[in-house]
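Chain by chain, the residues run as shown.
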Amino acid sequence: MTTIASRRAADLLDLAAQVRAAVGDSAVIDDRQRLRTYECDGLAQYKVIPALVVLARSSDDVQAVVRLCARRGVPFVARGSGTGLSGGALPHADGVLIVTSQLRKILALDIANQRAVLQPGVINLHVSQAAADAGYYYAPDPSSQQVCSIGGNLAENSGGAHCLKYGFTVNHVTGAEVITPDGERVQFGGKAPDPTGYDLLGVLVGSEGTLGVATEITVRLTRSPQAVRTLLAAFDNTDEAGAATSQIIGAGVIPAAIEMMDALAIEAAEAAVHCNYPAGAGAVLIVELDGPEAEVGAQFDVVERFCREHGAFEIRVAADDVERALFWKGRKSAFAAVGRISPDYIVQDGVVPRTALPHVLRRITELADDAGIRVANVFHAGDGNLHPLVLFDDSVDGEAERAEEVSGAILELCIEHGGSITGEHGVGSDKAKFMPRMFTEDDLDTMQMLRCAFDPDGIANPGKVFPTPRLCGEVPGRHRGAHPLVQAGLAEAF
Amino acid sequence: MRPAAHALDQQVLDALQDSVDGRARAGRVEDAVSGVAVDWVAEPADTEQVAALLTVAAQRSMSVVARGSGTRLGWGAAPRSANLLVSLAAMNQVLEHEAGDLVVHAQAGTRLEDLQSTLRPSNQHLALDPPSAPGADRRGTVGGVIATAASGPLRLSHGGVRDLLIGVTMVRADGRIAHAGGKVVKNVAGYDLGKLLTGSWGTLAVITEARFRLHPISPVSRWLTFSLPDAERANALIQQVIHSQLCPAALEIDRPERGPATLALQLSGTEAGVEARIAQVADVRAEVSASPPVWSAELPWSPGGVGLRLTHELTGLPVLLAELDEATARAGAPRACVRGAAGVGLLHAGLRGDVVQAGSVVARLRERAAAWGGEVVVLDAPAEVRASVDLWGPVRGLSLMRRVKDQFDPEHRLAPGRFVGGI
């Protein structure tokens, strides 16, 4: 193994020299201290220091680096703003981290065609800000939208509170220029719909950097709604808030967003941002309706009535954008806010069918009580996307392990109810081990066939999404002993 | 059309019949796919039976073509061969409809009309309304709609198949069953292979079951139709509508062979909401109706004609229409009839004329396609046109697509030759 390791070290030195020659010294980081800046993404519990970081300044830079990696079979990982919550941009110790955050030009705002052409490092919110004067915005709005990048959004198929009505990143990306793992530059789609051939763009979005690196992205811009009305309703408990949610959806109203927080999440938000939610609430619901004025007005009355019928003891209606922002502030800061009430916490992301919500929430409470662990619940109630925040104190012996167990049990609960192990944060490094719980071996094998078409050598973000890599070209089926890629030191098994 | 050697093999028939409880037989003349003779026809009842069939096909290196209700089976290129036709007609069950979750799970052979009838009592629908051949009122099956990525007027407000499909079950060329996605709308676990299968024309796997997200049926819908003398004015109105606050459910154009174009604007929502929006367009002369214009549900060509799919950037419409008219005029063919989702950039066109004229129109349009930022595909055509025209045209990323095909179907037995680049 020593010989393999030393050969790899020599290879990397050689690669570093070639990368410098291709993209310039100033774009390359190989100083151990500076490399440490990139050791993790938004999921800080996983840390790996990359061998080399390249701060790409053009699509050509990305292509040059990927080509060099491809030639030597060296792994590469793409990273945007590094805000991902599943360790999708976790570096590879023997690989190159390609950072796209400096590629932040809005290349075109084509309002007449309702499109924007963006470099991958453009910040999500900046697109909406740039289009605002023309009466447009970019619909997908992850909570991190002030800092997360469009390239990262594409890789993760990011959602957000408003995707209940408007869909996810994949529904808003119409074209992308991509550097595939063999270093080729391919254009998928553009401003027009339905490009001829397989919908490779459709699978590229959400592939978590395992099929290539997007270097130019065309997105759909959405007309800003004429009216937006936001209501905050306080309930005694999550059951009542859940029942109100079901009735709203059942009545044929599709709000732009329906968000729920439970008592513990409210407590955290109050401590952190003083959002001044109604005192004594066991659950709050934020319901936002948008669209044509008269349409929103008619639906708003229905929503308000249902909330009252299900026991809302206080309903506030945002009078203006400032009040609306305050409603949302509590919700959008909830993840960070739990830091105020607990030294450590795990952010979970699972999905259940909406109708299973009340039952699943009760089970989460039982699981938490049994383990002596507190769980704060924040979620996109409209689409059954849960974000339980599992609180623990790492300084208390065994608590971290118990928190991990509760967190894992919540995912099992989601799978049991026909849901998903991730609604928007991605599989990444964190959940690859859960994939076989949700999918059969043949399912995963079939997904990897797609990967083999793009990346036969397995160099694009290896170790993510799939628990076991597939050797492309091999006969599918069970393997005996260590996986050949694991043996070769190219991948880690989970 | 000489039958393949194994066509006469009783063992093959036995194996196929064993797979599907006896519902397999030798192919007949009427089973032919675009003139390509079929050796065997089998009618599975569920995914497991499809898997058994495809395992037999894999063992015997048989080519396989899947058939729903045959609505669009004649579209696209003819397969190079079709040893086994897998008819999904008996797989017509709605397996689960959980109204509270706005999700449905159906077998691939379920007709779209039947699916919608099942959902209607819950005041829900699958927002897919692909146009039918004139007068036929056939929208095809769940599997067929996915395989051909067929969409209609509601594409504007609800997206296409790729946006509504949330889970898929398929049988691979080697007979293995695989799933992707799931039964919840919000789900980013694993690759979304449903999107890969959408518009794959049966060349990657046989789609056996699908789950879709549903939408409530709006209490009220109204259609406003505008008569427009030329493409420039049509474009101006389209731009006005899409940048307005009308939130159209659909925006369709009909530009017939002769006479002015018509634009149909669908507004859906609550009674008060729709009335208020109609009032906003009161200054433009429009007819208001409680039902859609008949043409908006029909393709602009009849079976046996030449049917094109044209995509464009939204502002490219007038250029596209001008180039199309120029191309037909140069070829000495009548003006093409054009219809479709002008607010999306996805149109259909019906061409009349002989094979030389059709070829020349398509070739010229492709040369000029950059001017409107779209593509030209020949969906439907008589055999002689098929034989002489490249139906799919130039494709970006073709080599990557070939690699995908090689992975999923290394022996090229699934609908061989039917798709882009001979895939």
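Structure first, text after, so check above.
The rules behind each value
- Residues numbered from 1 in each chain as written.
- Chains lettered and ligands numbered in written order.
- Predicted model: local features only at pLDDT ≥ 70, side-chain atom pairs only at ≥ 80, totals over all residues.
- Heavy atoms only, no water.
- Core = buried A, V, L, I, M, F, W, Y, C linked by side-chain atoms within 4.5 Å.
- Buried < 20%, exposed > 50% of the residue type's maximum accessible area, 1.4 Å probe, protein only.
- Contact = heavy atoms within 4.5 Å.
- Axes fitted to C-alpha atoms, helices over the stretch in contact; angles between N-to-C directions.
- Helix = DSSP H or I, 4+ residues; strand = E, 2+ residues; numbered from the N terminus.
- Left-handed = near helix turned anticlockwise from the far one by under 90°.
- Buried area = accessible area lost by both parts, 1.4 Å probe.
- Salt bridge = Lys/Arg side-chain N within 4 Å of Asp/Glu carboxyl O.
- Polar contact = N/O pair within 3.5 Å; in protein donor to acceptor, adjacent residues only side chain to side chain.
- Nonpolar A, V, L, I, M, F, W, Y, C, P; charged D, E, K, R; others polar.
- Pairing = 2+ DSSP bridges.
- Parallel < 35°, antiparallel > 145°, perpendicular 65-115°, else oblique.
- Disulfide = S-S within 2.5 Å.

**Student:** What am I meant to see in the nonpolar core here?
**Tutor:** Soluble globular proteins: nonpolar side chains tend toward being buried together. Membership of the largest hydrophobic core comes to 211 residues, with the highest contact counts inside it found for A:Leu200, A:Leu450, B:Leu84, B:Leu196, B:Phe212, B:Leu308 and B:Val404. If near-sequence neighbours (up to four positions away) are discounted, A:Leu450 is found in contact with A:Val203, A:Leu211, B:Tyr191, B:Leu193, B:Leu196, B:Val404 and B:Phe408.

**Student:** Just to check I follow, could you spell out the packing of helix α10 (residues 317-331) of chain B against helix α11 (residues 355-368) of chain B for this structure?
**Tutor:** Two packed helices can be described by the angle between their axes and the distance between those axes. Residues and elements named next belong to chain B. One way to put it is that α10 packs onto α11 with a least axis distance of 9 Å and a crossing angle of 145 degrees. As for the relative orientation of α10 and α11, their crossing is right-handed in sense. Contact residues: Glu323, Leu324, Glu326, Ala327, Thr328, Arg330 and Ala331 in α10; Gln357, Ser360, Val361, Arg364, Leu365 and Arg368 in α11.

**Student:** Can you help me understand the interface of chain A and chain B in this one?
**Tutor:** How large an interface is tends to be reported as the accessible area lost when its parts come together. On the chain B side, the residues contacting the 84 residues of chain A number 79 residues. In this assembly, chain A packs against chain B so that about 6400 Å² is buried in total across both faces, 57% of it on carbon and sulfur atoms. It is A:Asp194, A:Thr196 and A:Tyr198 that lose the most area in chain A upon contact with chain B, and together they represent 14% of the buried surface on that side. Joining chain A to chain B, the criterion identifies seven salt bridges. Applying the counting criterion to the chain A and chain B interface returns 33 residue pairs in polar contact (both at pLDDT 80 or more). A per-element tally of the side of chain A that touches chain B places helix α16 (residues 441-454) of chain A first, with 11 residues. When grouped by side-chain class, the residues that make up the side of chain A that touches chain B number 40 nonpolar, 28 polar and 16 charged.

**Student:** Even after reading the chapter, I still don't get the sheet that holds strand β8 (residues 165-171) of chain B, so can you show me in this structure?
**Tutor:** Two modes of strand pairing occur in sheets, parallel and antiparallel, and in both the strands are linked by backbone hydrogen bonds. Strand order in the open sheet made by the five strands is β5-β6-β10-β8-β9 (chain B), with antiparallel pairing throughout. With partners counted over all chains shown, the strands left at the sheet margins are β5 (94-98) and β9 (177-181) of chain B, one partner each. Shown here is a sheet whose adjacent strand axes are inclined to one another by a mean of 10 degrees, direction ignored. Each of β8 and β9 of chain B touches α16(A); the most contacted strand, β9(B), lies at about 75 degrees to it.

**Student:** Honestly, unusual backbone geometry in this entry has me stumped. Any pointers?
**Tutor:** Outside of glycine, negative phi angles account for most residues, and trans bonds account for most peptide bonds. Not every positive phi belongs to a glycine, and B:Leu102 is a case in point at roughly 55 degrees. By the secondary structure assignment, B:Leu102 is in the loop between β5 and β6 (103-107).

**Student:** Would you mind going over the packing of helix α13 (residues 357-371) of chain A against helix α14 (residues 399-416) of chain A with me for this structure?
**Tutor:** All names here are of chain A. As a packed pair, α13 and α14 sit with axes 10 Å apart at the nearest point and diverge in direction by 160 degrees. Relative to α14, α13 is oriented roughly antiparallel. α13 and α14 meet at a crossing whose hand is right-handed. Residue-level inspection shows Val360, Arg363, Ile364, Leu367 and Ala371 of α13 in contact with α14, the latter providing Arg402, Val406, Ala409, Ile410 and Leu413. Among the residues making up the contact of α13 with α14, the classes are represented as eight nonpolar, no polar and two charged.

**Student:** How should I be thinking about the state of the cysteines in this particular structure?
**Tutor:** Covalently bonding the sulfur atom of one cysteine to the sulfur atom of another cysteine gives a disulfide. For the coordinates displayed, the defined rule picks out one disulfide over all chains. Disulfide pairing places A:Cys452 opposite A:Cys472 at an S-S distance of 2.0 Å. The chirality of the disulfide connecting A:Cys452 with A:Cys472 is left-handed, given an S-S dihedral of about -80 degrees. Of this pair, A:Cys452 sits in helix α16 while A:Cys472 is found in the loop between α16 and α17 (484-487), placing the two residues 20 residues apart along the sequence. Judged by relative accessible area, A:Cys472 falls into the partly exposed class, the value being 25%. The structure places no disulfide on A:Cys69, whose sulfur is separated from the nearest cysteine sulfur, that of A:Cys472, by 17 Å. Using a relative accessible area of 0% as the deciding quantity, one classes A:Cys69 as buried. Unpaired in terms of disulfides, B:Cys247 finds its nearest cysteine sulfur in A:Cys163, a separation of 18 Å.

**Student:** Before we go on, may I ask you to explain the side chain of B:His215 in this structure?
**Tutor:** Its location among the elements puts B:His215 in strand β11 (residues 215-216). Here B:His215 falls in the buried class, since its relative accessible area comes to 11%.

**Student:** I would appreciate a short explanation of the sheet that holds strand β14 (residues 261-269) of chain B in the present structure.
**Tutor:** All names here are of chain B. Ordered in space as β15-β12-β14-β13-β17-β18-β16-β19, the eight strands form an open sheet in which the pairing is antiparallel. For this open sheet the edge positions go to β15 (287-289) and β19 (376-380), each flanked by a neighbour on one side alone. Put simply, the sheet's adjacent strands are angled 20 degrees from each other on average, direction ignored. Where strand β12 (residues 220-228) and β14 come together, nine bridges link them in antiparallel fashion. Bridge pairing links phenylalanine 226 to leucine 263 in β14. Docked against the sheet, α10 engages β13 (250-255), β16 (306-311), β17 (337-341) and β18 (346-351), running at close to 15 degrees with respect to β18.

Take it as geometry only, folks, not as evidence of what the structure does.
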